[in-house]
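Each chain is listed here by its residues.
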Amino acid sequence: MKEKIFLIVCTVIAAVVVWFIRTRINRKRISPVIAVAIYLAEFVLFFIIAFLLLAGPEQIWFLNFPLAGLYMALFGDMASGIVLTICGFICKKSGQKPEHNTKSRFVKLVLSLLFSFLFTAYGMINMETVSADYHVCETAKVSESVRFAFLSDVHAGSAQSFGTLEKAVEQICSEKDLQFVVLGGDITDEYSSKEDMEKVYSLFGRIPVPVYFVYGNHDRQENAEFAHGRKYTQAEFENTLAENHVTILSDEFVEIGSEIVVLGREDASCKNRKPVEELVFKDMSKFNIVFDHQPHEHKDIIQSNADLQVSGHSHSAQFWPLQFFYNVFRYETQGEYCFGNTKKENL
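Chains are numbered independently. Their residues run from 1 in the order of the written sequence. Totals for whole chains, interfaces and linings use all residues, but because this is a predicted model, local features are given only for residues with pLDDT of at least 70 and pairs of side-chain atoms are given and counted only at 80 or more. Note that the side-chain values use all heavy atoms of the structure and ignore hydrogens as well as water.

Visitor: Explanation requested: the overall build of the protein in the structure shown.
Guide: Each helix and strand counted, the protein has nine helices and ten strands in total. Residue burial is assigned from relative accessible area. The probe radius is 1.4 Å, only protein chains are included, and a residue is buried under 20% of its type maximum, exposed over 50%, and partly exposed in between. Per-residue burial for the protein yields a buried fraction of 45% across its 347 residues. Contacts: residue pairs with any heavy atoms within 4.5 Å of one another. Considering only intrachain contacts with a sequence separation of at least 6, the fraction spanning at least 24 residues in the protein is 73%. Here the open area of atoms and residues is found with the Shrake-Rupley method and a 1.4 Å probe, where only the protein chains shown may cover a residue. Summing over all exposed atoms, the protein offers an accessible surface of approximately 18900 Å²; the carbon and sulfur share of this is 61%. A run of H or I in DSSP becomes a helix once it reaches four residues, and a run of E becomes a strand once it reaches two; helices and strands are each numbered from the N terminus.

Here it is in structure tokens:
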């Protein structure tokens, strides 16, 4: 909750700063060409910040909240600018002269804050909206139907509330004929306290079928300096999972019945991640599944001889307008893809 409040504060401050800069610019007489160029530059900055928030280097993670606030504020400024431009155009068409005074500048500030808050509220509501997505994979290697659940990138304690996660766990428990569950990493992150971590995995301990876990790039809190340091040790983390009957797969195989073999990969951010040459599936008569938090090692996917890979991590390029540009350039952020003989589900 405190992270969300801090985000709102950062958004308000950024919105006021952007508005102040905008009013200074608008006091000068500028040509329509320059005005359009300013809006284009603002959109480019908006896009760059979205990319940094999604895939920025660890060295700037401490700036995540101020950057997110600026991201929201820039959206608010651009949206309010479009609305006021349309209103000005309508005024001119009707013979009225648009006002450019203190009152109009105040209206601009109010609209910027309104659109920034609406954009922020949409993001927070969307973050708490979790629904099951069902996929079917057909193969001659498995004689009977096998059902499993995959849950990834919860970021409990910072992004999603425990109420939302508890409902997700209840839905998993209610699924019929479920044979196993895989937690795909980033279940917790650098903002999660020890109590958050213990509470999360106590929920997963309720699931009546085997639960497996693969590491993401945040679970270990190895880069927690920007979030005031680590809140739990590696030993505490592993003990909590063991106490709740969650099995860690770190470049390890496990057989599910007699026809399925699962490989849980260590995360790509870990220096001890084994090369794929050491982890190739041997028995091609069985249906071989890889669970790997990050989905981008295409050569590894092909070389592993896997029939299916399931991943998370990309958050479906959660910051608009990244989804649009990634789709245009065919960069997979969510969905089903094929590499060699391997089908990949990026969820």
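Visitor: Would you mind showing me how to read the packing of aromatic side chains here?
Guide: Only the six-membered ring of Trp is used, alongside the rings of Phe and Tyr, when aromatic pairs are assigned; centres must lie within 6.5 Å, and planes under 30 degrees apart are stacked while those over 60 apart are edge-to-face, with the rest tilted. Within this structure, the stated rule accounts for 19 aromatic pairs. Their ring planes at 50 degrees and their centres at 5.2 Å tell us that Phe-6 and Phe-65 sit as a pair that is tilted. A residue pair is termed long-range when its members are at least 10 positions apart, and Phe-6 in helix H1 (residues 2-26) and Phe-65 in helix H3 (residues 64-93) qualify at 59 residues. Ring centres 6.2 Å apart and planes at 40 degrees place the aromatic pair Phe-43 and Phe-46 in the tilted group. On the criterion of helical spacing, the pair formed by Phe-43 and Phe-46 is a turn pair, its members being three residues apart in helix H2 (residues 32-55). Judged by relative accessible area, which is 28%, Phe-43 ranks as partly exposed. Through a chain of ring-to-ring contacts, the aromatic side chains of Tyr-201, Phe-204, Phe-213, Tyr-215, Tyr-232 and Phe-237 assemble into a single cluster.

Visitor: I tried to follow the nonpolar core on my own but got confused; where do I start?
Guide: For soluble globular proteins, nonpolar side chains are generally found buried alongside one another. Ranked by internal contacts, the top residues of the largest apolar core, which has 26 residues, are Val-181, Leu-183, Tyr-201, Phe-204 and Phe-213. Looking at this core, the elements with two or more residues in it are strand S1 (147-151), helix H5 (162-174), strand S2 (178-183), helix H6 (194-204), strand S3 (211-213) and helix H7 (234-243). Counting residues per element, this core draws most heavily on H6, which supplies five residues. Not counting the four nearest positions on each side in its chain, Leu-183 is found in contact with Leu-151, Tyr-201, Phe-204, Val-211, Tyr-212, Phe-213, Val-214 and Val-246. Residues belong to one nonpolar core when they are buried, are Ala, Val, Leu, Ile, Met, Phe, Trp, Tyr or Cys, and are joined through side-chain atoms within 4.5 Å. With 25 residues, the next largest nonpolar core counts Cys-10, Phe-46, Leu-67 and Met-72 among its residues.

Visitor: Sorry if this is basic, but what is going on with H7 here?
Guide: What H7 keeps buried is the set Phe-237, Thr-240 and Leu-241. Each buried residue of H7 sits inside an arc of 95 degrees when the element is viewed along its axis, so together they form one side. For H7, the exposed residues set more than 90 degrees away from the buried face come down to Ala-242 and Glu-243. Its buried side turned inward, H7 meets H6, S3 and strand S4 (246-248). At the exit of H7 stands His-245, carrying a positive phi of roughly 60 degrees. Here the arc refers to the directions that run from the helix axis out to each C-beta atom.

Visitor: Honestly, the packing of H1 against H3 in this entry has me stumped. Any pointers?
Guide: Packed helices, taken two at a time, are described by the angle between their axes plus the distance between the axes. Note on geometry: axes are lines fitted to C-alpha atoms, helical ones only across the stretch in contact, with angles between N-to-C directions running from 0 to 180 degrees. At a minimum axis distance of 7 Å, the contact between H1 and H3 shows a crossing angle of 50 degrees. As judged from the angle between their axes, H1 and H3 are oblique. Judged by the sense of rotation from one axis to the other, the crossing of H1 with H3 is right-handed. Contacts between H1 and H3 pair Glu-3, Phe-6, Leu-7, Cys-10, Thr-11, Ala-14, Ala-15, Val-18 and Arg-22 from the former with Phe-65, Pro-66, Ala-68, Gly-69, Leu-70, Met-72, Ala-73, Leu-74 and Asp-77 from the latter. Charged means Asp, Glu, Lys or Arg here, nonpolar means Ala, Val, Leu, Ile, Met, Phe, Trp, Tyr, Cys or Pro, and polar covers whatever is left, Gly included. Broken down by class, the residue content of the contact of H1 with H3 amounts to 13 nonpolar, two polar and three charged. Roughly parallel here means an angle under 35 degrees, roughly antiparallel means over 145, roughly perpendicular means 65 to 115, and every remaining angle is called oblique. Here is the rule for handedness: rotate from the far helix to the near one, and if that takes an anticlockwise turn smaller than a right angle the crossing is left-handed, while a clockwise turn gives right-handed.

Visitor: Mind showing me how you'd approach the pattern of salt bridges here?
Guide: One side chain can pair with another of opposite charge once the charged atoms of both are near each other. The salt bridge definition used is simple: a Lys or Arg side-chain nitrogen within 4 Å of an Asp or Glu carboxyl oxygen. Inspection of every chain in the model, using the stated rule, returns eleven salt bridges. Taking the shortest distance from any N to any O, the salt bridge between Arg-206 and Glu-166 comes out at 3.1 Å. Highlighted residues: Arg-206 in the loop between H6 and S3 and Glu-166 in helix H5, separated in sequence by 40 residues. Note that Arg-220 is salt-bridged to Glu-266, the shortest N-O span being 2.7 Å. A residue pair is termed long-range when its members are at least 10 positions apart, and Arg-220 in the loop between S3 and H7 and Glu-266 in the loop between strand S6 (260-264) and strand S7 (287-291) qualify at 46 residues.

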